[in-house]
Amino acid sequence: MIVRSLRMSLRFILPLALVLGLFAYIVVPLLDNITLRWYVRDLDSRAELLAGTLRPSLAQYLPENDAQRIGELFQGATRDERLIAIGFCDNAGHLLYQSLEYPASIGCWSTPSTGGLYKSLAQLPQGQVHISETPVMQDTSQLGRLVLVQDMSFVERRNTDTKRFIFAFLAVLAVLISLMTVFVAHLSWRGWLSAVKDILRGELLSKNNPAVTTDAAPAAAPAPPPEMQPLIGDLRELLQEYHLERQGESGWSSDWTPDKLRALLEADLAGDQVLVVSNREPYIHTKTDAGITVQRPASGLVTAVEAVMRACSGTWIAHGAGSADRETVDKFDHVPVPPDKPSYTLRRVWLTEEEEQGYYYGFANEGMWPLCHIAHVRPVFRSSDWEQYVKVNQRFADAVIAEAKTDNPVVLVQDYHFALLPRMVRAALPKATIITFWHIPWPNSESFGICPWREEILDGLLGSTILGFHTPFHRKNFLETVDRYLETRIEPEASTIFYGGEMTQVEDYPISIAWPEDNPEQPDVAICRAQIRAELGLPFDHLLGIGVDRLDYTKGIVERFQAVERMLEQQPGMVGHFTFVQIAAPSRAALDEYQSFDARVRKMVERINRRFGSGAYLPIVLKAEHHGQDDLQRYFRASEVCMVTSLHDGMNLVAKEFIAARDDEMGVLVLSQFTGAARELHEALIINPYHIEQGADALYRALVMPPVEQRERMKSMRARVKHFNVYRWAGRMLLDAARLRQRDKVMTKIDAHSRIKRRKGL
Ligand code: GDG
């Protein structure tokens, strides 16, 4: 510390010494010179004045050669302490009269023939003197010259005094400045040191940020000083890197598989019951002419959560919506699934038509869905829908409570259909670990404010232990929304919300798909290409584009077709050689908005087909029906390009499914920048779907992309999707849950221990 202070002091003292040196060798001599000139000018005028005084008397005494009176005159004048001596020289340069102290070395200093004042400086043994010589006239004739010798030693004395004063002043200033510098440096060093310590302890990284902390928040650590902000950023990054490295070392971030997820559940959530709640069931039993059939619905949520449930067993609670669902359950409304190889239980909840209408179609899909997506469809909120939403949330919460075998199950709540359920379950099972995942975007706080029951929705969600979103952006929007509408304490860096004495951890967990296992029965890409083209009546070298979506206005299907149309306009060579196949699974068809969207899509397809089609050739093939998984795979594998053009999408799993299907490492993905997937799949051709020309250009670029480039892009995306798979998504959430459960267990033990101690009076 001493050495550091010394070094710091030197850093300031050295430049100061340099300034002093400059002062001594340049500034001071310059000042000397200037002051000398001032003094000389002063002495010149004094000499003029003296000569003027003496001249009349001299002019009188000189013609009389009155040596005595001249001597007295000179002696009288030299009483002035500055005037050392006076002499008089005749015109021939002979010193005729002089005062007593007149220096012999001076003599008659000059003998100019004309008048005027002549002066000079001379160095005598007694010091420096100023000599001036001035003519003495009588009428027009010059009698001789008066020589005045003035003492200049006072100049030197004054200069020396001034120099001493300046040096003393500067020295004191230097000492003061360096002392102050050392003091300030010491203080700021201590401040930095303690701030850095805070950062490392996680305080500044997590403590309240006025931007997102409510007024009601209790006083916490002071906000970091602004000059610490860059350092905080750097340290945070370093800590995160360190954290990731640690995770890597512990195998946390290595490849996730169903086995690894199972192992995690056994090790970290040993024996804990896992319950899933979602609106959509993973298997729907339907009555058909051929008997009861079972179907996997077209839903990103089902695709992801089903993979997790297969790995961890447990119970999935969902709305029994199929026409044969009641016939396939036992007396507890349970059915083991998947039908071919059961590994978990599906518990069905029955809803009346009125409940389904109000809760599902009304509040969830006419209110919350458009509210959370920027797709320019206005949300509709009705009180009657809200009442059903509250009622159905309670119905499902009751089912969770009934299915819970312990008082602390792990409950995975899915999506915007159940925003109130976490609080309802928490009320009955305070020790439950409730993980809620919001599969769709979260809007900005202002947009969310449109919802008449915004506080109730937020309160319900904050019953969760963990609340997950796809992207950091949605997470941030949520924190800001809570900050705006509820009285809570938010720690933005730690991403936690304290509300009603409980904490909710808000995180981003980007969802993904289960990476397909090697399937020897899966037909080769070449076979898929041939089969699909044959089914569509197209030649073998015909170019194909594919889109797979629920028929939903958020998916950008209209914009996609506009891009296809524009591409055909711009590239007439593609007409007759390219077809876009759109698989559009019917969705929410009971709603007006979806019906008119369906009609709009069909009309558009007809128009484009009329414009560019000929004979059997159709530029767009719309397959508005549900397809089996195998079919989807075949289409993905047979196509040159897959287009995902959502106007707004939480993640979009179709993009990832297309990549996973392309084990030949070929094919190009055109991807909307407004999907969560665009944050991960950088090698896709990223577009703004609203910009039709951009979409058209990307489509054409994809169709003519050289195989080498396709392979490079596809390879890299495949590696990422394989690594960041759905098991990792679930694993990360469950690991966080396990950590929080562990913390709660420790806290409970500590509480119990201190209660015993208090009871014993210890
Ligand atoms: C929500 C969010 C988020 C489609 N047609 C058929 C079919 N599908 C399957 C796809 C895919 C799923 O449906 C659609 O998933 P997305 O992710 O594209 O979209 P959403 O349904 O809107 O899902 C979304 C997701 O939740 C997960 O969190 O990514 O952002 O909106 O798996 O393949 N499946 C079958 N037949 C079809 O006709 N079998």
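First, a word on what this report is: a plain description of the structure on this page. (Residues numbered from 1 in each chain as written. Predicted model: local features only at pLDDT ≥ 70, side-chain atom pairs only at ≥ 80, totals over all residues. Heavy atoms only, no water.)

### Looking at the site of the ligand
Part 1 of the argument: The immediate surroundings of the ligand are formed by 24 residues, with H439, R550, H627, D649 and E657 found nearest.
Part 2 of the argument: A distance of 2.7 Å separates an oxygen atom of the ligand from a polar atom in the side chain of R550.
Part 3 of the argument: Within the complex, 97% of the 730 Å² of free accessible area of the ligand lies under protein.
Part 4 of the argument: Of the residues in the shell around the ligand, the class split is 10 nonpolar, 10 polar and 4 charged.
Part 5 of the argument: Three or more residues apiece are contributed to the shell around the ligand by two domains, here domain 2 (276–508) and domain 3 (525–724). (Near = heavy atom within 4 Å. Polar contact = N/O pair within 3.5 Å; in protein donor to acceptor, adjacent residues only side chain to side chain. Areas by Shrake-Rupley, 256 points an atom, 1.4 Å probe, with all protein chains shown as cover. Nonpolar A, V, L, I, M, F, W, Y, C, P; charged D, E, K, R; others polar. Domains from an automatic or database assignment.)

### A closer look at the sheet that holds strand β21 (residues 641–644)
Part 1 of the argument: The sheet built from 6 strands is open, its strands ordered β20-β19-β18-β21-β22-β23 with parallel pairing. The open sheet has two edge strands with one neighbour each: β20 (620–623) and β23 (685–687). Strand-to-strand twist of the sheet, defined as the mean angle between neighbouring strand axes without regard to direction, takes the value 20 degrees.
Part 2 of the argument: With 4 bridges connecting them, strand β19 (residues 578–585) and β20 associate as parallel partners. Bridge pairing in β20 places I583 opposite K623.
Part 3 of the argument: This element, helix α14 (residues 525–536), spans β18 (543–550), β19 and β20 of the sheet and lies at about 85 degrees to β18. (Pairing = 2+ DSSP bridges. Helix = DSSP H or I, 4+ residues; strand = E, 2+ residues; numbered from the N terminus. Axes fitted to C-alpha atoms, helices over the stretch in contact; angles between N-to-C directions. Contact = heavy atoms within 4.5 Å.)

### Structural notes on the pairing of strand β7 (residues 284–288)
Side chains on a regular strand alternate between the two faces of the sheet.
Part 1 of the argument: Pairing of β7 with strand β8 (residues 291–295), which is carried by 5 bridges, proceeds in the antiparallel orientation. Within β8, the position partnered with T286 by the bridge is T293.
Part 2 of the argument: Where β7 folds back on β8, the antiparallel hairpin that results is connected by 2 residues.

### With respect to the nonpolar core
Across soluble globular proteins, you tend to see nonpolar side chains buried next to one another.
Part 1 of the argument: If you look at the biggest cluster of nonpolar residues, it comprises 92 residues, and the most contacted ones within it are W438, I457, F478 and F578.
Part 2 of the argument: Residue contributions to this core peak at 9 residues, all from helix α8 (residues 353–372).
Part 3 of the argument: Taken domain by domain, the makeup of this core includes at least three residues from each of domain 2 (276–508) and domain 3 (525–724).
Part 4 of the argument: Listed in part, the 77 residues of the second largest apolar core include A307, L412, Y509 and L671. (Core = buried A, V, L, I, M, F, W, Y, C linked by side-chain atoms within 4.5 Å. Buried < 20%, exposed > 50% of the residue type's maximum accessible area, 1.4 Å probe, protein only.)

### Quick word on the side chain of R741
Part 1 of the argument: By secondary structure assignment, the location of R741 is in helix α21 (residues 726–759).
Part 2 of the argument: Within the local environment of R741, its side chain forms a polar contact with the side chain of T433, the two groups lying 2.7 Å apart.
Part 3 of the argument: Non-local contacts of R741, meaning those with residues more than four positions away in its chain, are made with L269, D272, N408, P409, V410 and T433.

### Notes on the side chain of R348
Part 1 of the argument: Following the sequence through the fold, R348 ends up in strand β11 (residues 344–349).
Part 2 of the argument: Here the side chain of R348 touches T328 through a polar contact of 3.0 Å, side chain to side chain.
Part 3 of the argument: Non-local contacts of R348, meaning those with residues more than four positions away in its chain, are made with E281, Y283, I284, H285, A318, G320, D325, T328, V329, D333 and V335.

### Section: the packing of helix α18 (residues 653–661) against helix α20 (residues 707–723)
Part 1 of the argument: Closest axis-to-axis distance for the α18/α20 pair is 9 Å, and the angle between their directions is 110 degrees. Considering the angle they form, α18 stands roughly perpendicular to α20. The two elements α18 and α20 cross, and the hand of that crossing is left-handed. From α18, K656, F658, I659, A660 and A661 reach across to α20, where they touch M714, M717, R718 and V721. (Parallel < 35°, antiparallel > 145°, perpendicular 65-115°, else oblique. Left-handed = near helix turned anticlockwise from the far one by under 90°.)

### Regarding the sheet that holds strand β13 (residues 433–437)
Part 1 of the argument: What the 10 strands build is an open sheet, ordered β10-β11-β9-β6-β12-β13-β14-β17-β16-β15; its pairing is mixed. Because the sheet does not close on itself, it has two edges, and the strands there are β10 (334–337) and β15 (489–491). Across the sheet, the mean angle from the axis of one strand to that of its neighbour is 20 degrees, orientation sign disregarded.
Part 2 of the argument: Pairing between β10 and β11: 4 bridges, direction antiparallel. Considered in β11, the bridge of P336 is made with T345.
Part 3 of the argument: Each of β6 (274–277), β12 (410–414), β13, β16 (496–499) and β17 (502–508) is contacted by helix α10 (residues 421–428), which is oriented at about 175 degrees to β13, the strand it contacts most.

### Observations concerning the packing of aromatic side chains
Part 1 of the argument: Tallied over the full model, the rule gives 26 aromatic pairs.
Part 2 of the argument: An angle of 15 degrees between the planes, with centres 6.5 Å apart, marks the rings of F165 and F169 as stacked. Here F169 and F165 lie together in helix α3 (residues 153–201), a separation of 4 residues that amounts to about one turn.
Part 3 of the argument: Judged by relative accessible area, F165 falls into the exposed class, the value being 58%.
Part 4 of the argument: A network of ring pairs unites the aromatic residues Y359, Y360, Y361, F363, F381, W386, Y389, F396, F418 and W453 as a single cluster.
Part 5 of the argument: Sitting over the ring of F498, R489 keeps its end group 4.3 Å from the ring centre. (Phe/Tyr/Trp six-rings, centres within 6.5 Å; stacked < 30°, edge-to-face > 60°. Lys NZ or Arg CZ within 6 Å of the ring centre and 35° of its normal.)

### Thoughts on helix α15 (residues 557–570)
Part 1 of the argument: Taking 1.5 Å per residue as the helical rise, α15 with its 14 residues ought to reach 20 Å, and the 20 Å between its terminal C-alpha atoms agrees with that figure.
Part 2 of the argument: Of all 14 residues in α15, 10 are buried; the element is thus mostly enclosed.
Part 3 of the argument: Listed in full, the buried residues belonging to α15 are I557, V558, E559, R560, F561, A563, V564, E565, M567 and L568.
Part 4 of the argument: Against the buried residues of α15 lie β18, β19, α16 (592–612), β20, β21 and α19 (692–703). (Expected span 1.5 Å × (residues − 1).)

### Quick notes on the environment of A375
Part 1 of the argument: Following the sequence through the fold, A375 ends up in the loop between α8 and α9 (383–403).
Part 2 of the argument: On the basis of relative accessibility, which here comes to 10%, the residue A375 falls in the buried class.
Part 3 of the argument: For the pair A375 and K555, spaced 180 residues apart in sequence, the C-alpha to C-alpha distance is 8.9 Å.

### As for unusual backbone geometry
Part 1 of the argument: Residue V337 is joined to P338 through a cis peptide bond whose omega torsion reads -10 degrees.
Part 2 of the argument: Relative to the elements of secondary structure, P338 occurs in the loop between β10 and β11.
Part 3 of the argument: Phi angles above zero are rare outside glycine, and S495 is one such case at about 60 degrees.
Part 4 of the argument: Of note, S495 is situated in the loop between β15 and β16.
Part 5 of the argument: Given a relative accessible area of 3%, S495 falls into the buried group.
Part 6 of the argument: Phi at N652 takes a positive value of approximately 90 degrees, unusual for a residue other than glycine.

### Regarding the pattern of salt bridges
Proximity of charged atoms lets side chains of opposite charge pair with each other.
Part 1 of the argument: Applying the stated criterion across every chain yields a total of 43 salt bridges.
Part 2 of the argument: Measuring nitrogen to oxygen at the nearest pair gives 2.6 Å for the salt bridge that ties R382 to D385.
Part 3 of the argument: Close ionic contact of R529 with E640 constitutes a salt bridge, the shortest N to O distance being 2.6 Å. Here R529 is found in helix α14, whereas its partner E640 is found in the loop between α17 (629–638) and β21, with 111 residues between them in sequence. (Salt bridge = Lys/Arg side-chain N within 4 Å of Asp/Glu carboxyl O.)

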